[in-house]
Every structure is written in C-alpha cells, then in structure tokens.
Amino acid sequence: MTTFVIEADTSPKRTVKVFFAVWPDVAAQERLSKLAEQLVDVCGGRKISLPLIHLTLVFIGNVESQQLETLRQVANQVKQFSFDLTVDEIQYWRHNRIVHVGPSQCPAGLSVLVADLQNRLSQAGFSLEKRRYIPHITLIRKALCNTLPNLTIPITWHVNEWALVQSKQTDEGIVYVSLDRWPLEKV
C-alpha cells in the first residue's frame, strides 16, 4: 500500500470522509497507472493519480472524528485470510462517466472480507450503502467512451492487508490519509 505523508485531522467535532480499502502492490499499481494513461487517450477524462489507485471495500462517508475509534474497534474484530485479486475487465459506467477495472469473478476472500466488515459496521450503527458490492478500481473520471479495449493481460496481486483511509481535500487536490491498517491472515 502507498505510504501517505499527510497527518489526519482528528480534532473533536470535526467531520472526516473515510472508507475502508485495499491498495495494489507497487507493480500492480504501476501497471494500473499505465493502463489509465492509455485509456485517457481513448476516452478522455481525468486519470486517477498513481497514489490514489485503490479498491474500496466499504465507503463510510462523513463521520465525526470521535467515531474513528469505533471504526477501529470494529475493524479489529475482522479476522479474514489474504487472497489473490485479479482484475481482468475494463468497464465504463456511463451514468457517472467512470472508467474502471475489476475482476470478472470476485474472489471468495474479497467477498467474505467485505461482507464481514459490512455486517460489523451495520451492527455498530453505521449507515452503509444498500446497493450490491461491485469490486472495481476507478482509473478515469469524467470520461466519454464509445468503445473500450480488452484487458489482454490480467493484473494480479496478493492482498495481505486493508486500511481505514481518510479522503482529504487540499489545495493540490484530493489526498488519501492512511489512518490505520490491518493484516489479513496468511492462507
């Protein structure tokens, strides 16, 4: 996972936008970034910068800073196994103009991790999106695509940790601040 240099603002009564995610390893992240560059030539739009390339597990949204400890406590209860993730499809969501990649088959380890986390977060009182989980990695925003190339060589990495991340707006744009990480048990 990418290392972040900005400190989280966790002052009381301050709201922060957070989500749980996994990051590709360095090799996969670089391949995804190069793929995004190629896709911008086809679809236009704004490429997601390399440090921001990730796969969201559960989007929480805005919470008060004091709720971060509850999120950590919930996450501490999740004990799941590491898994391989292979992204092998490129798709375009016309309704929000996003080009993304994802797995044609969601790995069982990812499904179990997301379901466990969602259940525990709901039990702790967090309101989550009700739609079906679709694993994807956004590569381009504000795209306009008529056709997409096939991903001829799948991109695979071993997922061995996940993180609680803050999305923070700065003068330079959006940055992600890693607030905490949890290892996945080796298979």
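Below: a short report on this structure. The residue count restarts for each chain, going from 1 along the sequence in the order it is written. For a predicted model such as this one, the threshold for reporting local features is a pLDDT of at least 70, and the threshold for listing and counting side-chain atom pairs is 80 or more; totals across whole chains, interfaces and linings nevertheless cover every residue. Neither water nor hydrogens contribute to the side-chain values; these are computed over all heavy atoms in the structure.

## As for the overall build of the protein chain
Secondary structure is summarised from DSSP: a helix means a run of H or I of at least four residues, a strand means a run of E of at least two, and numbering begins at the N terminus for each. Within the protein chain one finds three helices and ten strands. Written out in order from the N terminus, the α and β elements of the protein chain read β-α-β-β-α-β-β-β-α-β-β-β-β. With the C-alpha coordinates aligned to their principal axes, the bounding extent of the protein chain is approximately 45 × 40 × 30 Å. Residues classed as buried in the protein chain amount to 43% of the 187 residues present. When a residue's accessible area, from a 1.4 Å probe over protein chains only, is under 20% of the maximum for its type it is buried; when over 50% it is exposed; and in between it is partly exposed.

## Digging into the packing of aromatic side chains
Note on aromatic pairs: the rings of Phe, Tyr and Trp (six-membered ring only in Trp) are paired at centre separations within 6.5 Å, and the planes decide the class, stacked below 30 degrees, edge-to-face beyond 60, tilted for the rest. Evaluation of the coordinates by the stated rule reveals five aromatic pairs. Measuring from centroid to centroid gives 5.6 Å for phenylalanine 20 and tryptophan 162, while their planes differ by 55 degrees, and the two rings are tilted. Pair noted here: phenylalanine 20 is in strand S1 (residues 15–22) and tryptophan 162 is in strand S9 (residues 161–170), with a separation of 142 residues, a long-range link. Residue classification places phenylalanine 20 among the buried residues on the basis of a relative accessible area of 0%. On the basis of relative accessible area, tryptophan 162 is assigned to the buried category, the value being 1%. Here a set of aromatic residues connected by ring pairs shows up, and it is made of Phe19, Trp23 and Tyr176.

## Looking at the sheet that holds strand S6 (residues 98–102)
In this analysis, strands are considered paired if DSSP registers two or more bridges between them. Across the sheet, which stays open at both edges, the four strands sit in the order S2-S7-S6-S5 with antiparallel pairing between neighbours. Since the sheet does not close on itself, it has two edges, and those belong to strand S2 (46–47) and strand S5 (89–93), each with one partner. Pairing of S2 with strand S7 (residues 137–141), which is carried by two bridges, proceeds in the antiparallel orientation. Looking at S7, one finds that arginine 46 is bridged to arginine 141.

## Side note on helix H3 (residues 108–123)
Each helix should span, by expectation, one fewer than its residue count multiplied by 1.5 Å. If you check H3, its first and last C-alpha atoms are 22 Å apart, about what 16 residues at 1.5 Å a residue would give, namely 22 Å. Turning to H3, its buried residues number three or more, namely Leu110, Leu113, Val114, Asp116, Leu117 and Leu121. Considered in projection along H3, the buried side chains sweep an arc of 165 degrees and stay on one side of the axis. In H3, the exposed positions that point more than 90 degrees away from the buried face belong to Ala108 and Gln123. A contact between two residues is defined here by any heavy atoms of the two lying within 4.5 Å. Buried-residue contacts for H3 involve S1, strand S3 (55–64), helix H2 (68–77), strand S4 (83–87) and S9. Of the residues trailing H3, glycine 125 is marked for its positive phi of about 95 degrees. Regarding the arc, it is the one traced by the directions from the helix axis to the C-beta atoms.

## Details of the environment of valine 40
Following the sequence through the fold, valine 40 ends up in helix H1 (residues 26–43). For valine 40, a relative accessible area of 22% gives the class partly exposed. The spacing of valine 40 and threonine 86 is 46 residues in sequence and 22 Å in space, taken between C-alpha atoms. In contact with valine 40, not counting residues within four places along its chain, are Gly45, Lys47 and Ile140.

## Here we look at unusual backbone geometry
Despite not being glycine, arginine 97 shows a phi value in the positive range, around 55 degrees. Checked against the element boundaries, arginine 97 lands in the loop between S5 and S6.

## Focus on the pattern of salt bridges
Only one rule defines a salt bridge in this text: a Lys or Arg side-chain nitrogen within 4 Å of an Asp or Glu carboxyl oxygen. Within this structure, the stated rule accounts for four salt bridges. Arginine 72 is paired through a salt bridge with aspartate 180; the nearest N and O atoms lie 3.2 Å apart. A residue pair is termed long-range when its members are at least 10 positions apart, and arginine 72 in helix H2 and aspartate 180 in strand S10 (residues 173–183) qualify at 108 residues. Since its relative accessible area comes to 27%, aspartate 180 is described here as partly exposed. The salt bridge partner of arginine 131 is glutamate 129, with a shortest N-O separation of 2.9 Å.

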